[in-house]
Amino acid sequence: MRTAWCRSFALALGLLFVAAASVYGLTLVKDGQPTCVIVTADNPYPSQQLAAEELQYHLEQMSGAKVPIVREADLQETDAVLVFVGQSENLSALGIDTTSLPPETMIVKTKGNALILAGEDGGTKDPYKESYASSAVRTGTLYAVYDLLQDQLGCRWLWPGKSGEAIPQRKTVEIGELDIQETPQLFRRHFRGGYRVGPGTRPYDYVPRYIDSHAALRDRLDQEEWQWKKRLKMGQSVSFAYGHAFTDWMDKYENTLPEVLAMQADGHRGTHAVTYNRNYVKLCISNPKVIDIIVGEFMAKRAEDPSFRFLNACENDGSWGFCRCPQCAAWDKPFTDELYQKYLDLGWSDKQIDDTFAPSDKDNQPGSLSNRYFTFYNKLGARIAEIAPDALVVVYAYSRYRYAPFDLKVATNLLIGFVGFHFYPMDAGTHRAERQNYLAWREADAKQLFFRPNSFYYSFAHGIPWSAAHQMGEDIKLLIQNGIVATDYDTLNGHWATGAPTYYTVARLHWDPDMQVDDVLGEFCDAFGPGEASVKAYFDHWEEVFQEAYAHPDIRDRAKKVYEPGGWIGLFRYAGEVLSESDFDKGAELLTQAEVAIKREGNERQLAHLHVLDLGLKHGKLMWQISRIANATTQNDDVYYAESWPLMARLFAIRDELGELGAANVFWLNYFEVYFQDMFGTRVYQDFFDRDYVPVMTPAEANWTFSPDPKDIREEQGWTTQIPQPPAYMKRSSGDRLFHREWDKFNPVIVWKNTAKKEAVVNGWYQTDFDVPADRLQPTDVLYVPCILGTSAKIWVDGNLVREVTAEEIAANKPIVVGLAEAGIQPGRKFRLTVKVTSLDGPGGLIGPVYLARPKIDIRMRINLKGSATE
Ligand SMILES: [Zn+2]
């Protein structure tokens, strides 16, 4: 009776369930024909309408049957199964009122001839786009649909978009008797979106070529990522804005009320160093005026909006510059022998205890400032409790106050952002300490902790196959089972083709924390059909590889051998050195096994999923090869691209395919590489993406001189041939990169402005000596300047002006090309290049270095002459 529902007279509610249902369940589709109808309220929320459409979509993908969606007012008499999606008159008549359920609760329930998919819903915004700080959209009904699709009908969403949909194929779709009601344990289950960076976002302002050319793709992928999160039942019922709360206090109070800012060793108030980010200034938290100001601002907001109840009081970012006044120090608790013994008894090593709690060499303050900070937060909490008992004070357990305080109970109206578990894989000692620290906060009476990890952001497998599913899965289980109230992961960086199982596992456990990690992984790998076991082995292999490579207590020292300044960049670059060809070979072998198995007994969909993993593996190997080349090159070396360029061209071809498939956030990949000082050596591809030239070389970055010329007097003084040695404060350290941003982000300029009390650079001079062997250059090569930020520029070679760049050329974002002969450059002979950039309206700069480059056609001709081809 496929079409009966659409004719005949309107059904009286009381007759709805006269049609007999099977005792064993309901048939939604039979032999590829719909035997059910989806019924919504007459005015459903957007999220309820979407729930109906998602159900319709998946049933059609599964069986070929397009099940109709009707409003209940249009419902005609039918003996089809009625699938009620979302609250409606029909549900009310059945005595079901989802509006009275706890937030985001979902119901999946059969009743007579009906299937009820409903939940607590609220908000009319796009359910796939919960704005970070705006009011939450609650989508219980949507979860009910996804729950049915996942748990009853076996749908999996491996990664965003169609290529990640694993929808079982069957012509008849039946479900058993169901009576499920679930409420999420966390009021917020959140991975921050990986598409926040885009055109107009630094540093894309300056290397926009790849991003701009893919703008439409970016919007699509962004949408698909939100959809994926919803399908995994990520979401929120309460939203609150928080973050480093006092970033403008240096500007506000440096002169007017300096005593609210941290006191430094020399007695001054403010940041501890002129180069230190002013937004990172710390407060003198023992000064009662600090609390007065915060409470005053809260009261003002509360007067405007009486429902305002989340007071953001997170101290500023950065781990240095904390107050040294005696009153603040008096709130610190000495790390006694007794405490030392306590941590030894907990299994900590001496090194761990020292690294965590011993006074820092850098500032001679205690390693942990938690007692100080939570004395402050308790006082603030007490004040707020008096005037606004419903309000919560949002604070961080972060930075130097990340470890639970000693012998101090924290106020119950603190909502504490617990920042930790950053680094996966972890060695056993660190892992134990992280878990103990979380439990210690609970023992300190922290009632409302939300988890704010950077563990996706800092997963050291940028574009390389990786898994930390077991450790990360076990940890989110521990946190949820021990009372965490929300999560906010920074950031869903979207390495799907190389790391999807870890995202999947962590997301999945947010709703079902009692699942075993291996069962979740089994669910993921099940989508590969006969290839399941090999795919499981593939990701277990990578998890072992990274455990082996990274899970050492001395990992930071090891990473310094790859990159001397160490830090996060060192840890990322470490992957290039510590992984081996055989790791990739083993990965390829496992994927081949999966492919053989699927080709024997599986289907095209499973092969398509496997293809994504295969692209991920190829991408990873290229990433690894390219980063090894980058690791072998320091800022003191001239950079030649003959070896790396063909690898990059292949890498970006794979990115294009992965982007189209929705199986990698190619924007994050590019952003991260540019933002973190070109640590993988791929930035040059963004400079040259889609251009008519390919790079041949660029001179060592360390050999460039930079000097400001605010009064525009240096041209006359002969800087065109020789910039004098810059003063000491213009000297740069190895971490200061000259070409990645506008000059105001270059540390020596920050020092120059603060030390020499200068206002603006206005004219920036860049100079270096090139020395290119004759056999490395060809007559058609050119001097190539990909990007200038400013209002005009001039270029000299050996003191001769070879090019004046106009404002129009800069605005057109065209590269500046000067032929070698035109520039008077002869291969094999040293020459001096000088560039003066003028920027009259704000900071400017030479963005990206100057290159020697070759017309693309020449490369092809050369390859043809040699009779070989590249991919
Ligand atoms: Zn102080």
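Look up: the structure comes first, before these words.
A.B. asks: Got a minute to help me understand the coordination of the zinc ion in this structure?
C.D. replies: Tetrahedral coordination by four donors puts the ideal angle at the metal at 109.5 degrees, and octahedral coordination by six puts it at 90 or 180 degrees. Donor atoms from the polypeptide that coordinate the zinc ion comprise C284 (SG), C323 (SG), C325 (SG) and C328 (SG), at 2.3 to 2.4 Å from the metal. What the 4 donor atoms of the zinc ion show is an angle range of 108 to 111° at the metal, which sorts the shape as tetrahedral. Between the donor residues of the zinc ion, the gaps in sequence give the motif C-x38-C-x1-C-x2-C. The same class applies to C323 and to C328, which are both buried.

A.B. asks: Quick question: what am I supposed to make of the sheet that holds strand β24 (residues 763-770) here?
C.D. replies: Within a sheet, each strand pairs with its neighbour through backbone hydrogen bonds, oriented either parallel or antiparallel. Pairing is antiparallel in the open sheet, where 5 strands are placed in the order β23-β24-β30-β27-β28. Where the open sheet ends on each side, the last strands, each with one partner, are β23 (705-708) and β28 (800-805). Recorded for the sheet is a direction-independent mean angle of 15° between the axes of neighbouring strands. In this sheet, β24 lies alongside β23 in antiparallel orientation, the contact comprising 4 bridges. For F706, the partnering residue across the bridge sits in β24 and is Y766.

A.B. asks: Quick question: what am I supposed to make of the packing of helix α20 (residues 604-631) against helix α21 (residues 644-661) here?
C.D. replies: Between two packed helices, both the angle of their axes relative to each other and the distance between the axes serve to describe the pair. Packing of α20 against α21 leaves a shortest axis separation of 9 Å and a crossing angle of 150°. Taken together, the axes of α20 and α21 lie roughly antiparallel to each other. Crossing angle aside, the handedness with which α20 passes α21 is left-handed. On the side of α20, the interface is formed by H611, V612, L615, K618, H619, L622, M623, Q625, I626 and I629, while α21 contributes S644, L647, M648, R650, L651, I654, R655, E657, L658 and L661.

A.B. asks: Would you mind showing me how to read the sheet that holds strand β32 (residues 851-855) here?
C.D. replies: Taken in spatial order, the 5 strands line up as β21-β22-β32-β25-β29 in an open sheet, and their pairing is antiparallel. In this open sheet, the two strands that pair with only one neighbour each are β21 (639-640) and β29 (816-819). Two elements, β21 and strand β22 (residues 693-698), share 2 bridges in a ladder whose sense is antiparallel. Across the sheet, residue Y640 finds its bridge partner in β22, namely M697.

A.B. asks: Teacher, can you tell me more about the side chain of R156 here?
C.D. replies: Residue position: R156 is located in strand β10 (residues 156-157). No salt bridge is formed by the buried R156; the nearest opposite charge belongs to E523, separated by 4.3 Å. Here E523 takes part through its backbone oxygen, which lies 3.3 Å from a polar atom of the side chain of R156. When sequence neighbours within four positions are dropped, the list of residues in contact with R156 reads Q150, G164, E165, A166, Y504, E523 and D526.

A.B. asks: Explain the environment of Y340 to me, please; I cannot follow it from the model alone.
C.D. replies: Note that Y340 resides in helix α9 (residues 337-345). Looking at Y340, the relative accessible area reads 23%, which means it is partly exposed. Between the C-alpha atoms of Y340 and D354, which are 14 residues apart in sequence, the distance is 9.2 Å. Contact partners of Y340, with chain neighbours within four places excluded, come to F335, D350, I353 and D354. A distance of 3.0 Å separates the side chain of Y340 from the side chain of D350, its partner in a polar contact.

A.B. asks: How should I be thinking about the packing of aromatic side chains in this particular structure?
C.D. replies: Any pair of aromatic rings gets described here by the distance separating the centres and the angle formed by the planes. According to the stated counting rule, one finds 87 aromatic pairs in the structure shown. With a centroid separation of 5.5 Å and an interplanar angle of 55°, the aromatic rings of F357 and F406 are classed as tilted. On the criterion of sequence distance, the pair formed by F357 in helix α10 (residues 350-357) and F406 in the loop between β17 (392-397) and β18 (414-418) is long-range, its members being 49 residues apart. Side by side, F357 and F406 carry an identical accessibility label, which is buried.

A.B. asks: Help me understand unusual backbone geometry, please; the structure alone is not making it clear to me.
C.D. replies: A negative phi holds for most residues other than glycine; trans holds for most peptide bonds. Cis geometry marks the peptide bond from Y424 to P425, where omega comes out at 0°. Here P425 lies in the loop between β18 and α12 (428-443). Residues D490 and T491 are joined by a peptide bond in cis, for which omega reads 0°. Examined against the element boundaries, T491 turns out to sit in the loop between β20 (486-487) and α14 (496-511). One non-glycine residue, D678, adopts positive backbone phi at about 55°. Within the fold, D678 resides in the loop between α22 (666-675) and α23 (683-688). The class for D678 is buried, based on a relative accessible area of 18%. One non-glycine residue, D712, adopts positive backbone phi at about 55°.

A.B. asks: What am I meant to see in the packing of helix α1 (residues 46-63) against helix α3 (residues 140-152) here?
C.D. replies: Direction vectors running N to C along α1 and α3 enclose 15°, while the axes themselves pass 8 Å from each other. Judged by the angle between their axes, α1 and α3 are roughly parallel. Our pair here, α1 against α3, has a crossing hand that is left-handed. Along the contact surface, α1 presents S47, Q48, L50, A51, E54, L55 and H58, while α3 presents T141, L142, V145, Y146, L148 and L149. Taken together, the residues of the contact of α1 with α3 sort by class into 8 nonpolar, 4 polar and 1 charged.

A.B. asks: What is the right way to read the pattern of salt bridges from this model?
C.D. replies: Note on pairing: side chains with opposite charge can pair once their charged atoms come close. Following the criterion strictly, the structure yields 48 salt bridges and no others. Linking E225 and K229 is a salt bridge whose minimum nitrogen-to-oxygen distance equals 3.9 Å. In this pair, E225 and K229 both sit in helix α5 (residues 215-231), 4 residues apart, roughly one turn of the helix. One exposure class covers both E225 and K229, and it is buried. Notably, a salt bridge pairs E523 with R508, separated by 2.6 Å at the nearest N-O pair. With E523 in helix α15 (residues 517-525) and R508 in helix α14, the pair connects residues that are 15 residues apart, well separated along the chain. The buried category is assigned to R508, whose relative accessible area is 4%.

Cut-offs used in this document
Just so you know, the residues in each chain are numbered from 1, in the order the chain's sequence is written. The model is predicted, so local features are restricted to residues of pLDDT at least 70 and side-chain atom pairs to those at 80 or more, both for listing and for counting; the totals for chains, interfaces and linings are taken over all residues. Only hydrogens and water are set aside; all other atoms, that is, all heavy atoms of the structure, feed into the side-chain values. Coordination shells were defined by N, O and S atoms within 2.8 Å of each metal, extended to 3.2 Å for Na, K and Ca; water is absent from the atom set, which can make sites look incomplete. For four-coordinate sites, all angles between 85 and 135 degrees define a tetrahedron; for four- and six-coordinate sites, opposite donors beyond 155 degrees with the remaining angles between 65 and 115 define square planar and octahedral shapes respectively, and all other cases count as irregular. Relative accessibility decides the category of a residue: with a 1.4 Å probe and only protein chains considered, values under 20% of the type maximum give buried, values over 50% give exposed, and everything between is partly exposed. At least two DSSP bridges between two strands are needed for those strands to be called paired. Each helix is a run of DSSP H or I of at least 4 residues and each strand a run of E of at least 2, with the numbering of both proceeding from the N terminus. Note on method: axes are straight lines fitted to C-alpha atoms, helices fitted across the in-contact stretch only, with angles between N-to-C directions ranging 0 to 180 degrees. Orientation categories follow fixed angle ranges, with anything under 35 degrees roughly parallel, anything over 145 roughly antiparallel, 65 to 115 roughly perpendicular, and all other angles oblique. Crossing handedness is read from the near helix: turned anticlockwise from the far helix by less than a right angle, it gives a left-handed crossing, and turned clockwise, a right-handed one. When checking whether two residues touch, look at their non-hydrogen atoms; a contact exists if any pair is within 4.5 Å. We count Lys and Arg on the positive side and Asp and Glu on the negative side, and we leave His and both chain ends out. One side-chain nitrogen of Lys or Arg within 4 Å of one carboxyl oxygen of Asp or Glu is enough to make a salt bridge. Counted as a polar contact is a pair of N or O atoms within 3.5 Å, where, for protein atoms, one must be capable of donating a hydrogen and the other of accepting one, and residues adjacent in sequence contribute only when both atoms are in side chains. Each aromatic pair joins two rings of Phe, Tyr and Trp (for Trp, the six-membered one) with centres within 6.5 Å, and gets the label stacked for planes under 30 degrees apart, edge-to-face for over 60, and tilted for any other angle. Residues are sorted three ways: Asp, Glu, Lys and Arg are charged, Ala, Val, Leu, Ile, Met, Phe, Trp, Tyr, Cys and Pro are nonpolar, and all the rest, Gly among them, are polar.

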